[in-house]
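Close look at the chain arrangement
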Amino acid sequence: MVTRKDIFTYTEDNYGVTPEYTFSSYPKYAVLKNRQGKWFGLVMNVPKEKLGLPGKEEVDVLDVKVDPELSSILRSKPGYLPAYHMNKEHWLSIVLNQETDAANLFQLLDGSYQTVIKD
């Protein structure tokens, strides 16, 4: 299972990026920004029902920026959802649970980082 801590360790080790907690009303929401201040990731705790999932408990998700075609393909798989809190065409939410594929998640995070560098 990929955790918030795993994501934050990965971004610090690979990009020198630490999470920023910018939402006072949502103190656990962590923004990941590149050196130019562009967001490439957002880690949130969201009630499952707001994601269209069964249950009321909260689940951690990672939002990453992806190509719309890739997003469409991934959303057909369990654990990949239209982005919560972000543009649903260009962002994707990944549920962090036991079924999360760490290699794929970190590859998508790398792609998101590279995408915002080009923007």
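Provided above is the structure to which this section pertains.
The paragraphs below set out a description of the structure included in this document. (Residues numbered from 1 in each chain as written. Predicted model: local features only at pLDDT ≥ 70, side-chain atom pairs only at ≥ 80, totals over all residues. Heavy atoms only, no water.)

Ile7, Phe40, Leu62, Val64, Leu105 and Leu109 are the most contacted members of the largest nonpolar core, which has 24 residues in total. For this core, the secondary-structure elements that each account for two or more residues are helix H1 (4-15), strand S1 (30-33), strand S2 (39-47), strand S3 (58-65), strand S5 (91-95) and helix H3 (102-118). For this core, the leading source of residues is H3, giving 6 residues. Not counting the four nearest positions on each side in its chain, leucine 105 is found in contact with Val2, Ile7, Leu62, Ile94, Leu96 and Thr100. Among the nonpolar cores identified, the runner-up in size contains 13 residues, and Val31, Leu42, Met86 and Trp91 belong to it. (Core = buried A, V, L, I, M, F, W, Y, C linked by side-chain atoms within 4.5 Å. Buried < 20%, exposed > 50% of the residue type's maximum accessible area, 1.4 Å probe, protein only. Helix = DSSP H or I, 4+ residues; strand = E, 2+ residues; numbered from the N terminus. Contact = heavy atoms within 4.5 Å.)

This part takes up the sheet that holds S3. Strand order in the open sheet made by the 5 strands is S1-S2-S3-S5-S4, with antiparallel pairing throughout. The two strands at the open ends of the sheet, each matched to only one other strand, are S1 and strand S4 (80-82). Averaged over all neighbouring strand pairs, the angle between strand axes comes to 25°, with direction disregarded. Here S1 runs beside S2; their pairing, made up of 4 bridges, is antiparallel. Across the sheet, alanine 30 pairs through a bridge with valine 43, a residue of S2. Contacts between H1 and the sheet are confined to S1, S2 and S3, with S2 contributing the most and set at about 170° to the helix. Along the sheet face, H3 touches S1, S2, S3, S4 and S5 and points at about 45° away from the line of S3. (Pairing = 2+ DSSP bridges. Axes fitted to C-alpha atoms, helices over the stretch in contact; angles between N-to-C directions.)

Before going further, it helps to examine the pairing of S2. Among the 9 residues of S2, 7 are classified as buried, and the element is accordingly described as predominantly covered. Hairpin connection of S1 to S2: 5 residues between the antiparallel strands, including glycine 37 at a positive phi of 85°. Across 7 bridges, the pairing between S2 and S3 is antiparallel. Bridging across to S3, valine 43 finds its partner in leucine 62.

To continue, consider the environment of arginine 75. Along the chain, the position of arginine 75 falls in the loop between helix H2 (68-74) and S4. What makes arginine 75 partly exposed here is its relative accessible area of 32%. Other than its neighbours up to four places away in sequence, arginine 75 contacts Tyr80, Leu81, Pro82, Lys88 and Leu92.

Scanning the model with the defined rule gives 7 aromatic pairs in all. On the numbers, 4.3 Å between centres and 20° between planes, the contact of tyrosine 10 with phenylalanine 106 is stacked. A residue pair is termed long-range when its members are at least 10 positions apart, and tyrosine 10 in helix H1 and phenylalanine 106 in helix H3 qualify at 96 residues. Summarising the burial analysis for this pair, tyrosine 10 and phenylalanine 106 share the class buried. On the numbers, 5.9 Å between centres and 75° between planes, the contact of phenylalanine 23 with tyrosine 29 is edge-to-face. (Phe/Tyr/Trp six-rings, centres within 6.5 Å; stacked < 30°, edge-to-face > 60°.)

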